[in-house]
Amino acid sequence: MMISGAEIVIRCLQEEKVDCVFGYPGGSVLHIYDALFKQDQVKHILVRHEQAAVHAADAFSRSSQKVGVALVTSGPGVTNTVTGIATAYMDSIPMVVLTGQVPSFYIGQDAFQECDTVGITRPCVKHNFLVKDVKDLALTIKKAFHIAATGRPGPVVVDIPKDITAQMCEFEYPKSIQMRSYNPVVKGHLGQIKKAVQILKEAKRPIIYTGGGVILSDAAQKLTELAHKLNFPVTNTLMGLGGYPATDRQFVGMLGMHGTFEANNAMHYSDVILAIGARFDDRVIGNPEHFGEEKRRVIHIDIDPSSISKRVKVDVPIVGNVNDVLDEILKLMDADFKTDPDVANWWKQIDEWRSRDSLRYTQSEHIMPQFVMEKLYEVTNGEAFVTSDVGQHQMFAAQYYKFDKPRRWINSGGLGTMGVGLPYGMGVLMAHPDAQVACVTGEGSIQMCIQELSTCKQYGFPIKIINLNNGMLGMVRQWQEMFYSKRYSQSYVTSLPDFVKLAEAYGHVGMKIEKPEDVEPALRKAFTEHKNDLVFMDFIIDPGANVFPMVAAGKGLTEMILAEDL
Amino acid sequence: MRHIISILIENESGALSRVAGLFSARGYNIESLTVAPTEDPSLSRMTILTSGSDEVLEQITKQLNKLIDVVKVVDLSEAAHVERELMLIKVRATGKDREEMKRMADIFRGRIIDVTEATYVIELTGAGAKLDSFIAGIDAGLILETVRTGVCGIGRGDRILKV
Ligand SMILES: Cc1cc2nc3c(=O)[nH]c(=O)nc-3n(C[C@H](O)[C@H](O)[C@H](O)COP(=O)(O)OP(=O)(O)OC[C@H]3O[C@@H](n4cnc5c(N)ncnc54)[C@H](O)[C@@H]3O)c2cc1C
Ligand SMILES: Cc1ncc(C[n+]2csc(CCOP(=O)(O)OP(=O)(O)O)c2C)c(N)n1
Ligand SMILES: [Mg+2]
């Protein structure tokens, strides 16, 4: 039977078991929206700005491991998605973005709402396609899902000219796919894995350093098993939080620019690093020369060879999927596998570092942001999905909410995109309709996608917005305070809206919380009495609170500024 | 260090811009780039002349391999290979220069492929350095136009780049 290109698009989504799409209509995708209208298997969430559609699809994926899907029109619809696509790309999030394009016979003529989608998105996608023939449509969409989800995941854009969505064609969805140019490695090299196990045996000051790859590969359980067998300390990157239970004794906290004293010291003074799905980011190792001063052996498991030896020279590269490689390592650790007895001394040293209690903070008469995070953790029993925007509040959430499970911490690490928090909450709720979702944000960030309060009303997304309102672009102000002699250039936000009224105007519940003693009751109220409402909680916090520890730009990982130094 | 990277890539529209975009986005340099379909029209062969430290070259090959359309990548300069470049050079050829140009072309095993009263077009192939020395060897004032293809290369003997 012949069906239209638009119907093919929808059938492909059905075949991929996509149950929801985030999008916004327009001229070039009208046929597709019409096909969408005629079925009810694929739900559509109408956002208020295309950027939010992509962020929501991204969070759908982050929180569920399924591929998120967004659908937008040509021209401005596409350009509005670029921030969202780049955000997903930097964090290796699998996603398919379907974009309308002007009819193929108009391409290149500066037609109404034409833009070079493939060109504009090329540097921030894993791959992209322009469909030129309706006969290629199904195969192209199949390829898009395959590429997005396999190997090192990432966003894939499929640009579909309007005439192609009108043309008729037989539909057949390919069962499997073979691409001679794309065959990601899954299994690690056994010889290398054996070498790694030998090094783990010899390690005296080991550290397991893990990142987003553990989450993406759903390997949290295996990581925990391995770490327990080894009794080595574990640190996570910002993207790796939840990949190892934060309440476990072996967890030394996040490392890096705002990592704990113990994590950064343990990383720096280690003699063996087992790096798993982490890419030695500049916010993680600090000054590379300083980091390189200590002699150590590095084992690096990553599915992307280009992540290995990119910033830090690796001794044992293992290219493969974390889950598969950890399996192999565990298999090789037979009954009489023993680690070096010196590790006990290393633990003594680590516990000494730990006793500095580098996340300690002092209460003031104002609400401290750290305190709000601790209370949020208590009130939600550590079970919430926490989405975050970008800034100080993001770091406080990462430091003080102890994630025991993967895919609960949803934030933009690589691109650091302000504005993701609220649409991320929407994406999480589409994947987990009954979950508790807290969006930790700042008065700066929340205003970058505030229009989504309307979407949340339409679909009844009961997100709890935790606005850590310091009246400042706090993270910028912190740098200016510390490195620009307190010249607060453009980091003070005036003329803030009354967020309570704003929330109410959108039909939600608003709360303003100004005293420390009101923090917990307000949170409890929001999560119980207002369980099914979106609650905008405007916490007026200490405007001077800073994030510590901090490794200043260009400094070594151990050259941290601690709160106690000030 | 100078390196010649050979790439087999799906002959899709936009493939070239993916490679060129990768080089510019990551700050790798391209000294020359040539591309054309192979005996299998679904595949193109690209040759890129670049330079960089061992670390940079390692990243270049890894990043190229990451491109979805790229089927294979080799660094030709890692082992025995031959390389050639084609140059067409238009020179003023009048009076005593006419004879001199002909002589130089002969010395470099070039061919004169277009002749007018006042000009020659000389075709030269060889390693880039040979073309450079031809240019250096003639009076710069007589050069009207040069066009070079950039390096293309192939491994010697059993070194074969094929799907
Ligand atoms: C304000 C701000 C402050 C920040 N401060 C910090 C900080 O203090 N500490 C910190 O850590 N980060 C910090 N970041 C985040 C930082 O910028 C990076 O995003 C982060 O460190 C990268 O995490 P990652 O190394 O886990 O890599 P990711 O970006 O998560 O990359 C994952 C890696 O795993 C690999 N991978 C993917 N899937 C698999 C698989 N199946 N098998 C094997 N490998 C796989 C990928 O190839 C990649 O190399 C901050 C960001 C912001 C915005
Ligand atoms: C889209 C975007 N623009 C600019 C920045 C730079 N930036 C990083 S943090 C920050 C301040 C964020 O302010 P706010 O949301 O109030 O959070 P706070 O730091 O005060 O907690 C800015 C401007 C960014 N990360 N993203
Ligand atoms: Mg703020």
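These numbers come from a predicted model, not from an experiment.

A few words now on the site of ligand 2. Residue and element names in this part refer to chain A. Taken together, 17 residues are adjacent to ligand 2, and Q392, H393, G416, S445 and G474 come closest. One of the backbone N or O atoms of Q392 is found 2.8 Å from an oxygen atom in ligand 2. Contact distances for ligand 2 include 3.3 Å between a nitrogen atom and a backbone N or O atom of M418. Where the shell around ligand 2 is concerned, the elements lending two or more residues are α18 (392-400) and α21 (474-483). The greatest single-element share of the shell around ligand 2, amounting to three residues, is contributed by α21. Counted by class, the shell around ligand 2 contains seven nonpolar, nine polar and one charged residues.

Now for the sheet that holds strand β10 (residues 234-236) of chain A. Sheets are built from strands paired through backbone hydrogen bonds, the pairs being either parallel or antiparallel. Residue and element names in this part refer to chain A. Read across the open sheet, the six strands follow the order β11-β10-β9-β12-β13-β14; overall the sheet is parallel. The sheet is open, and its two edges are formed by β11 (251-254) and β14 (316-319), each paired on a single side. Each neighbouring strand pair of the sheet contributes to a mean axis angle of 15 degrees, computed without reference to strand direction. Relative to β14, strand β13 (residues 297-302) is paired through four bridges, and the arrangement is parallel. The residue bridging D302 from the neighbouring strand is V319, located in β14. With respect to the sheet, helix α15 (residues 322-332) is in contact with β12 (272-276), β13 and β14, its orientation differing from that of β13 by roughly 130 degrees.

Residue and element names in this part refer to chain A. Residues in contact with ligand 1 amount to 36 residues; listed here are only the nearest, T237, R279, D302, S307 and N321. One of the backbone nitrogen or oxygen atoms of G212 is found 2.8 Å away from an oxygen atom of ligand 1. Between D281 and ligand 1, the recorded distance is 3.5 Å, taken from a side-chain N or O atom to an oxygen atom. Here ligand 1 has 1000 Å² of accessible area as a free molecule, and 97% of this is covered by the chains. Residue contributions to the shell around ligand 1 peak at three residues, all from helix α10 (residues 212-216). The class makeup of the residues in the shell around ligand 1 is 14 nonpolar, 16 polar and six charged.

Another point: the coordination of the magnesium ion (ligand 3). Residues and elements named next belong to chain A. Distances from the magnesium ion (ligand 3) to its protein donors, E443 (OE), E443 (OE), N470 (OD1) and M472 (O), fall at 2.1 to 2.5 Å. With six donor atoms in place around the magnesium ion (ligand 3) and angles of 52 to 176 degrees between them, the coordination shape is irregular. Read in sequence order, the donor residues for the magnesium ion (ligand 3) give the motif E-x26-N-x1-M. Taken together, the residues span a long stretch of sequence, with E443 in the loop between β17 (437-441) and α20 (452-459) and N470 in the loop between β18 (464-469) and α21 at a distance of 27 residues. Given the relative accessible area of 12%, N470 is considered buried.

On to helix α9 (residues 190-202) of chain A, then. Residue and element names in this part refer to chain A. In a regular helix each residue adds 1.5 Å, so 13 residues correspond to 18 Å; α9 covers 19 Å between its end C-alpha atoms and thus fits that length. Inspection of α9 places Q192, I193, A196, V197, I199 and L200 among the buried residues, and these make up the whole buried set. Looking straight down α9, one finds its buried side chains confined to an arc of 160 degrees; they lie on one side. Summarising the contacts, the buried residues of α9 are in contact with α11 (220-230), β12, β13, β14 and α15.

All right, on to the pairing of β17(A) then. Residues and elements named next belong to chain A. For β17, a buried count of five out of five residues is recorded, marking the element as mostly surrounded by other parts of the structure. Side-chain alternation along β17 places V437, C439 and T441 on one buried face and A438 and V440 on a second face that is also buried. Sheet topology note: the strand β15 (residues 385-388)/β17 ladder contains four bridges and is parallel. Paired with V386 across the bridge in β17 is A438. Sheet analysis places β17 next to β18, joined by four bridges and oriented parallel. Paired with V440 across the bridge in β18 is I466. In this view, the connection linking β17 to its parallel neighbour β18 by way of α20 has right-handed handedness.

Another aspect to go through is helix α3 (residues 50-64) of chain A. Along its 15 residues, α3(A) runs 21 Å from first to last C-alpha, staying within 8% of the 21 Å computed at 1.5 Å per residue. Counting buried residues in α3(A) gives 15 out of 15 residues, a clear majority hidden from the surface.

Residues and elements named next belong to chain A. Here E262 is to be found in helix α12 (residues 261-268). In this structure, E262 is buried with no salt-bridge partner, the nearest side chain bearing the opposite charge being R354 at 4.5 Å. Apart from residues no more than four positions distant in its own chain, E262 is found in contact with V252, I350, W353, R354 and S358.

Once that is clear, we can look at the packing of aromatic side chains. All names here are of chain A. Applying the stated rule across the entire model yields 16 aromatic pairs over all chains. Consider the rings of Y377 and Y401, whose centres lie 5.2 Å apart with planes at 85 degrees: the pair is edge-to-face. Pair noted here: Y377 is in helix α17 (residues 369-379) and Y401 is in the loop between α18 and β16 (409-410), with a separation of 24 residues, a long-range link. The residue whose ring lies beneath R296 is F291, and the NZ or CZ to ring-centre distance is 3.9 Å. Between the NZ or CZ atom of R408 and the centre of the ring of F385, over which it lies, the distance is 4.5 Å.

A cluster of nonpolar side chains, contributed by B:L88, B:I113 and B:V147, occupies part of the molecular surface with about 220 Å² of accessible area. Using a relative accessible area of 31% as the deciding quantity, one classes B:L88 as partly exposed.

Listed per partner, the contact involves 19 residues of chain B and 19 residues of chain A. For the pair chain B and chain A, the summed buried surface comes to about 1500 Å²; carbon and sulfur atoms form 46% of the total. We note a salt bridge from A:R180 to B:D40, for which the minimum N-O separation is 3.8 Å. In this assembly, chain B and chain A are joined by 12 residue pairs in polar contact (both at pLDDT 80 or more). Listing elements by their share of the side of chain B that touches chain A, those giving two or more residues are α1 (15-25), α2 (54-66) and β4 (70-75) of chain B. At five residues, the largest contribution of residues to the side of chain B that touches chain A is made by α2(B). Tallied by class, the residues present in the side of chain B that touches chain A amount to five nonpolar, six polar and eight charged.

Basis of the calculations
Residues numbered from 1 in each chain as written. Chains lettered and ligands numbered in written order. Predicted model: local features only at pLDDT ≥ 70, side-chain atom pairs only at ≥ 80, totals over all residues. Heavy atoms only, no water. Near = heavy atom within 4 Å. Polar contact = N/O pair within 3.5 Å; in protein donor to acceptor, adjacent residues only side chain to side chain. Helix = DSSP H or I, 4+ residues; strand = E, 2+ residues; numbered from the N terminus. Nonpolar A, V, L, I, M, F, W, Y, C, P; charged D, E, K, R; others polar. Pairing = 2+ DSSP bridges. Axes fitted to C-alpha atoms, helices over the stretch in contact; angles between N-to-C directions. Contact = heavy atoms within 4.5 Å. Areas by Shrake-Rupley, 256 points an atom, 1.4 Å probe, with all protein chains shown as cover. Donors = N, O, S within 2.8 Å, 3.2 Å for Na, K, Ca; no water. Tetrahedral: all angles 85-135°; square planar, octahedral: opposite > 155°, others 65-115°. Buried < 20%, exposed > 50% of the residue type's maximum accessible area, 1.4 Å probe, protein only. Expected span 1.5 Å × (residues − 1). Arc of directions from axis to C-beta. Right-handed = clockwise from strand over helix to strand, strands pointing away. Lys, Arg positive; Asp, Glu negative; His and termini not counted. Salt bridge = Lys/Arg side-chain N within 4 Å of Asp/Glu carboxyl O. Phe/Tyr/Trp six-rings, centres within 6.5 Å; stacked < 30°, edge-to-face > 60°. Lys NZ or Arg CZ within 6 Å of the ring centre and 35° of its normal. Patch = residues over 30% accessible without salt bridge, like charges linked within 9 Å, V, L, I, M, F, W, Y side chains within 5 Å. Buried area = accessible area lost by both parts, 1.4 Å probe.

Geometry only, nothing functional implied.
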